[in-house]
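Coordinate inspection notes
What follows is each chain in one-letter form.
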Amino acid sequence: MSSSKKKIFAWSSVIIGIIVGLIASMGVADVLHATGSGYTCTMCHTMDPMNAAYHEDTHGGKNKLGIKAECSACHLDHTSAYTYVLTKIKVSINDGYKTFFTDTDKIDWRAKREHRSHYVYDSGCMTCHSNLKDVIQSGKSFLPHRDYFVLGNKNKNSCVDCHKHVGHKNLGFQIDKFEAIKNKENNKTK
């Protein structure tokens, strides 16, 4: 093979590789986005109370503009693309395992709510609320957020440590409702 043919082959390979890589990465991005939506996350009956509470919340579209935050906006780490994908994989494996290999009726959702900072990431909050630090400097919410923004969050609080019910309005009520329906169905089968 002549030198010019080798150069053409090498450059053609590089260009084809770049094109294939771009197409593949767009496909991966689309899959990540599609599987982070409420549709995918609520396919399991176990998520019914969370889904109902989400649709009653500002973040679930019950606001003046009808804007919704997808499940992945809060429940995946947005620090970097790497942490986002890593968290997505970890959450997907965990949820899939629990759905198929455990008794999901035995999940204590109230106890899980106490550990909400393990399931919600500040980086997700700050992705949408990126201007919060600037806005609070002069407003009434300065003092409550001072430790977080000004003093460097020395207490290691997360957003959901203070904003306990964000994202799922009246979740406790929805869990009670879900459990009452589940108990009624269990009593019918006995």
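Above this text is the structure in question.
Notes on the structure follow. Given the structure is predicted, the values throughout are model-derived calculations rather than measurements.

**Considering helix α3 (residues 48–55)**
Buried within α3 we find P49, M50, A53 and Y54. Along the axis of α3, the buried positions cluster into a sector of 135 degrees, meaning they face one direction only. Residues of α3 that are buried make contact with α6 (109–113) and α11 (171–189).

**Describing the pattern of salt bridges**
Inspection of the entire model under this criterion finds three salt bridges. The residue K62 makes a salt bridge to E56 at a minimum N-O spacing of 2.9 Å. Look at E56 and you get partly exposed, because its relative accessible area is 35%. The salt bridge partner of R110 is D176, with a shortest N-O separation of 1.9 Å. Taken together, the residues span a long stretch of sequence, with R110 in helix α6 and D176 in helix α11 at a distance of 66 residues. R110 sits in the partly exposed class, given a relative accessible area of 34%.

Criteria and thresholds
- Residues numbered from 1 in each chain as written.
- Predicted model: local features only at pLDDT ≥ 70, side-chain atom pairs only at ≥ 80, totals over all residues.
- Heavy atoms only, no water.
- Buried < 20%, exposed > 50% of the residue type's maximum accessible area, 1.4 Å probe, protein only.
- Helix = DSSP H or I, 4+ residues; strand = E, 2+ residues; numbered from the N terminus.
- Arc of directions from axis to C-beta.
- Contact = heavy atoms within 4.5 Å.
- Salt bridge = Lys/Arg side-chain N within 4 Å of Asp/Glu carboxyl O.

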